[in-house]
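# Chains, contacts and geometry: an overview
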Amino acid sequence: MKNYPPQFKADAVALYESRPEATIRSVAADLGINPETLRNWVRAGGVSRPRGRRTQEPALPPAQLEAENAALRKKVRELEEEREILRKAAKYFAGETPW
């Protein structure tokens, strides 16, 4: 069994605390230690997070989602139009050049 210095343990727990999206397993892999070792240090440090895979963001109101979807659809239409223009231009210039 390895003995880790107290500063390393404290830094490992602090790293876990500072990355809310990270799991104990991912932080342990980054540090090259066993996940159960880090889990024990986190428990001993009194760090707690909500249970579950990820904390969920509050849902946006339907009106806001509809407005965002409308804006995104408009942007998609614009980009498709631009792509079509560029495709036609490339086709035109490719046919015009004698090789």
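Above this text sits the structure in question.
### As for the nonpolar core
It is characteristic of soluble globular proteins that their nonpolar side chains tend to be buried jointly. Formed by Ala12, Val13, Tyr16, Ala22, Ile24, Val27, Ala28, Ile33, Leu38, Trp41 and Val42, the largest nonpolar core amounts to 11 residues. Elements with a contribution of two residues or more to this core: α1 (6–18), α2 (24–31) and α3 (35–45). With sequence-adjacent residues up to four places away left out, Ala28 is seen in contact with Ile33, Asn34, Pro35 and Leu38.

### A look at the pattern of salt bridges
Summed over the entire model, instances satisfying the criterion amount to 3 salt bridges. A salt bridge links Glu36 to Arg39; its shortest N-O distance comes to 3.1 Å. Of this pair, Glu36 and Arg39 both sit in helix α3, 3 residues apart, roughly one helical turn. For Arg39, a relative accessible area of 25% puts it in the partly exposed group. The partner of Glu84 in a salt bridge is Arg87, with the nearest N and O atoms 2.6 Å apart. With Glu84 and Arg87 both in helix α4 (residues 62–96), this residue pair falls 3 residues apart, about one helical turn.

So, how was this worked out
- Residues numbered from 1 in each chain as written.
- Predicted model: local features only at pLDDT ≥ 70, side-chain atom pairs only at ≥ 80, totals over all residues.
- Heavy atoms only, no water.
- Core = buried A, V, L, I, M, F, W, Y, C linked by side-chain atoms within 4.5 Å.
- Buried < 20%, exposed > 50% of the residue type's maximum accessible area, 1.4 Å probe, protein only.
- Helix = DSSP H or I, 4+ residues; strand = E, 2+ residues; numbered from the N terminus.
- Contact = heavy atoms within 4.5 Å.
- Salt bridge = Lys/Arg side-chain N within 4 Å of Asp/Glu carboxyl O.

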